[in-house]
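The primary structure of each chain is shown beneath.
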Amino acid sequence: MTRMTPSEAFVETMVANGVTTTFGIMGSAFMDAMDIFAPAGIRLVPVVHEQGAAHMADGYARVSGRHGVVIGQNGPGISNCVTAIAAAFWAHSPVVIVTPETGTMGIGLGGFQEANQLPMFEEFTKYQGHINNEHRMAEITARCFDRAMSELGPTQLNIPRDRFYGDIDVEIPEPMVLDRGAGGERSLDEAADLLASAEFPVIISGGGVVQGDAVPDCVALAERIGAPVVNSYLHNDSFPASHPQWCGPLGYQGSKAAMKLIAKADVVLALGSRLGPFGTLPQHGLDYWPTGAKIIQVDADHKMLGLVKKITVGIHGDAGAAARALVARLDGVTLACDATRDTRMADMKAEQDAWEAELDEWTHELDDFSLDMIAQAESEPSDWLHPRMVLRELEKAMPARAMVSTDIGNINSVANSYLRFDEPRSFLAPMSWGNCGYALPTVIGAKAAAPDRPAIAYSGDGAWAMSMVETMTAVRHDLPVTAVVFNNRQWGAEKKNQVDFYGRRFVAGELEGGENYSEIARAMGAEGIRVDKLDNVGAALTDAVDAQMNRGVTTVIEIMCTKELGDPFRKDALSTPVRHLPKYKDYV
Ligand SMILES: Cc1ncc(C[n+]2csc(CCOP(=O)(O)OP(=O)(O)O)c2C)c(N)n1
Ligand SMILES: [Mg+2]
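What counts and what doesn't
- Residues numbered from 1 in each chain as written.
- Chains lettered and ligands numbered in written order.
- Predicted model: local features only at pLDDT ≥ 70, side-chain atom pairs only at ≥ 80, totals over all residues.
- Heavy atoms only, no water.
- Axes fitted to C-alpha atoms, helices over the stretch in contact; angles between N-to-C directions.
- Helix = DSSP H or I, 4+ residues; strand = E, 2+ residues; numbered from the N terminus.
- Parallel < 35°, antiparallel > 145°, perpendicular 65-115°, else oblique.
- Left-handed = near helix turned anticlockwise from the far one by under 90°.
- Contact = heavy atoms within 4.5 Å.
- Nonpolar A, V, L, I, M, F, W, Y, C, P; charged D, E, K, R; others polar.
- Pairing = 2+ DSSP bridges.
- Near = heavy atom within 4 Å.
- Polar contact = N/O pair within 3.5 Å; in protein donor to acceptor, adjacent residues only side chain to side chain.
- Salt bridge = Lys/Arg side-chain N within 4 Å of Asp/Glu carboxyl O.
- Buried < 20%, exposed > 50% of the residue type's maximum accessible area, 1.4 Å probe, protein only.
- Patch = residues over 30% accessible without salt bridge, like charges linked within 9 Å, V, L, I, M, F, W, Y side chains within 5 Å.
- Areas by Shrake-Rupley, 256 points an atom, 1.4 Å probe, with all protein chains shown as cover.
- Lys, Arg positive; Asp, Glu negative; His and termini not counted.
- Charge placed at Lys NZ, Arg CZ, Asp CG, Glu CD.
- Disulfide = S-S within 2.5 Å.
- Donors = N, O, S within 2.8 Å, 3.2 Å for Na, K, Ca; no water.

### Re the packing of helix α3 (residues 50–64) against helix α5 (residues 82–90)
Two quantities define a packed helix pair, namely the angle between the helix axes and the distance between the axes.
So, point 1. At a closest axis distance of 7 Å, the pairing of α3 and α5 adopts a crossing angle of 15 degrees. Considered as vectors, α3 and α5 are oriented roughly parallel to each other. Crossing hand, α3 versus α5: right-handed. From α3, Gln-51, Ala-54, His-55 and Asp-58 reach across to α5, where they touch Thr-83, Ala-84, Ile-85, Ala-87 and Ala-88.
So, point 2. For the contact of α3 with α5, the residue count by class is five nonpolar, three polar and one charged.

### Topic: the sheet that holds strand β6 (residues 127–130)
So, point 1. Sheet architecture is open: six strands sit in the order β3-β2-β4-β5-β7-β6, paired in parallel fashion. The two strands at the open ends of the sheet, each matched to only one other strand, are β3 (43–46) and β6. Between one strand and the next, the sheet's axes are offset by a mean angle of 25 degrees, whatever the strand orientation.

### Some thoughts on the site of ligand 1
So, point 1. Around ligand 1 lies a shell of 18 residues, among which Asn-410, Asp-461, Gly-462, Gly-492 and Ala-493 are the nearest.
So, point 2. Within the backbone of Gly-492, one N or O atom sits 2.8 Å away from an oxygen atom of ligand 1.
So, point 3. At a separation of 2.7 Å, an oxygen atom of ligand 1 approaches a polar backbone atom of Ala-493.
So, point 4. If you list the elements that add at least two residues to the shell around ligand 1, you get α16 (410–414), α18 (461–467) and α20 (492–501).
So, point 5. If you tally residues by element for the shell around ligand 1, the top one is α18, at four residues.
So, point 6. Taken together, the residues of the shell around ligand 1 break down into seven nonpolar, nine polar and two charged.

### Looking at the pattern of salt bridges
So, point 1. Throughout the structure, instances matching the rule amount to 35 salt bridges.
So, point 2. The residue Asp-367 makes a salt bridge to Lys-496 at a minimum N-O spacing of 3.8 Å. Placement of Asp-367 in the loop between α13 (341–361) and α14 (368–379) and of Lys-496 in helix α20 is noted, with a sequence separation of 129 residues between them.
So, point 3. Looking at Lys-496, the relative accessible area reads 5%, which means it is buried.
So, point 4. Measuring nitrogen to oxygen at the nearest pair gives 2.5 Å for the salt bridge that ties Asp-383 to Lys-533. Linking Asp-383 in the loop between α14 and α15 (387–397) with Lys-533 in the loop between β19 (527–531) and α22 (534–551), this pair joins segments that are 150 residues apart in sequence.
So, point 5. Since its relative accessible area comes to 40%, Lys-533 is described here as partly exposed.

### Focus: the sheet that holds strand β16 (residues 427–428)
So, point 1. Pairing in this open sheet of six strands is parallel, and the strands run β16-β15-β17-β18-β20-β19 from one edge to the other. Looking along the sheet, the strands with just one partner apiece sit at the ends: β16 and β19.
So, point 2. Here strand β18 (residues 482–487) pairs with strand β20 (residues 555–560) via six bridges, running parallel. What sits directly across from Val-485, in β20, is Glu-558.
So, point 3. Docked against the sheet, α15 engages β17 (455–460), β18 and β20, running at close to 165 degrees with respect to β18.
So, point 4. Strands in contact with helix α17 (residues 439–449) are β15 (403–406), β16, β17 and β18; relative to β17, the strand with the most contacts, it is inclined by about 175 degrees.

### Digging into the environment of Ser-187
So, point 1. Positionally, Ser-187 belongs in helix α8 (residues 185–197).
So, point 2. Given a relative accessible area of 7%, Ser-187 falls into the buried group.
So, point 3. Through-space distance from the C-alpha of Ser-187 to that of Thr-312 is 9.8 Å; in sequence the pair is 125 residues apart.
So, point 4. Apart from residues no more than four positions distant in its own chain, Ser-187 is found in contact with Val-313, Gly-314 and Ile-315.

### Remarks on a negative patch on the surface
So, point 1. Taken together, the side chains of Glu-8, Glu-12, Asp-32 and Asp-35 present a region of like negative charge at the surface.
So, point 2. Turning to its location among the elements, Glu-8 is positioned in helix α1 (residues 6–16).
So, point 3. We classify Glu-8 as partly exposed; its relative accessible area is 34%.

### Description of the state of the cysteines
So, point 1. Counting across every chain of the model gives zero disulfides.
So, point 2. A disulfide-free cysteine, Cys-218 has its sulfur positioned 12 Å from the sulfur of Cys-247, the nearest such atom.
So, point 3. Free of any disulfide, Cys-436 has its nearest neighbouring cysteine sulfur in Cys-561, separated by 16 Å.

### With respect to the coordination of the magnesium ion (ligand 2)
So, point 1. For the magnesium ion (ligand 2), the full set of protein donor atoms is Asp-461 (OD), Asn-488 (OD1) and Gln-490 (O), at a range of 2.0 to 2.2 Å.
So, point 2. If you list the donors of the magnesium ion (ligand 2) from N- to C-terminus, the spacing comes out as D-x26-N-x1-Q. Residue Asp-461 is found in helix α18, and its partner Gln-490 is found in the loop between β18 and α20; the two are separated by 29 residues along the sequence. No difference in accessibility class separates Asp-461 from Gln-490, as the two residues are buried.

This is how it looks when you write it as structure tokens:
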């Protein structure tokens, strides 16, 4: 036992957990602890808005595989984080949000910045620790750090501000390191039998493969059975794109090759995937989910097994360990699919080539609205670029080892087909939380975790404006990144619904203030460049990444795009309007 203050116990427990970087905005509520962050070796990156801090903690955690930590002032500083913690929850990110609260002697009286902060995060955390007594500071802080890792998701450490003070005798707990197993013997045996008898097995590589550092294990299993590997939605970095068996992502704006191949499967192995409902919706007119196939699902969280999709075998285990256990079980076994390996590989190659050729030819959208917008753009003196052509150029210029975050929006969604990675912990997206304003702060956090890797954010103009203030954080605190802003002067993704369902009655969808985001970037101390020639897109990215890596410069590349719009997000959830009141009869 060592005598220390609760502030010291809190800081020392973070040190024991390897924390070197935190994100937030300072506040009196935790100043006593913050005062000793620097001598403890902990950097607090001051952000512009706390939502950005929590996204940064998420990006930091996802790239490093370590805890991301966010802290802020009680009340508004903390409530500002809710959206980003929800995103981290759906990304299974080990983020610890430290929430200093009103002091115990004041809470309930309606004082300054007072709120019950546990209910705010109840739905988006795996564990909520509350320091009801300062003698428990180290114990509960440690539990928050342990649970964020063991349950893979955000945890909250709620500290009434008076609990930072006092004298306590404590021992700082050692972090608990979980050794996850492969799963039960019976389920692994059953899965191996299913794979051995499969004629056309397909692997879905999910977020669990990324988080479990299990890409090599997934590759080994895929090579053993010669199966096509598709990525689960927004986990394009869960299998190397340069591998001949990589077939691209399922789900919204995903790969037709992936969809056509999985549609043929008689056995699917979903490795480290919860098979979320949004990520397996029909796309490109393909209802690809193989309802007749036998499904093996591996997830570290048993509650995900069979939750959304009917499964044949559920394995409660770590993705990597399970893949290794399956490879061991298949060793020396003759598989039913061994005989067709060459034809299946040829089939795979044909589908991949067909999809690449289709992407090459798919230079712009072809629906009536998009054609009208293209015609209008052509009649104007300015130059406007087709988003798909821009995305292909960016793909070609993408530097090695890039970390790319994408936002929520139409062009960002279309980007899904053009984002390929050879390394895990590279693709950051708001996942099923789907919040606009995600990409920039998240990639800044990623950059803090991996300064040696290029950090690139994609945003639509609407989402960008929600979050662009964090450009100042990148500039002020030497966290250089490159942001690509698709300026189409509209909240395009939502307008697409008005095109498809509401007779092009556009309400609240235009962003026609004539903003110049490259100039705004320069005003924030970054470089800004506006691109309206296709030939300049790749060079702009290459130059900006060079400036980021070699000169520590943040650049905003604003790309002037037509208003054409790709397929919408929620076709599944909208229906043609019905109006009963005569005054609204035309609104159908
Ligand atoms: C925080 C938040 N608010 C609103 C939405 C609803 N929404 C989804 S996409 C979108 C439009 C995005 O527009 P923009 O960023 O300009 O990209 P574009 O669709 O034009 O490519 C909106 C408003 C959301 N997803 N998140
Ligand atoms: Mg837009």
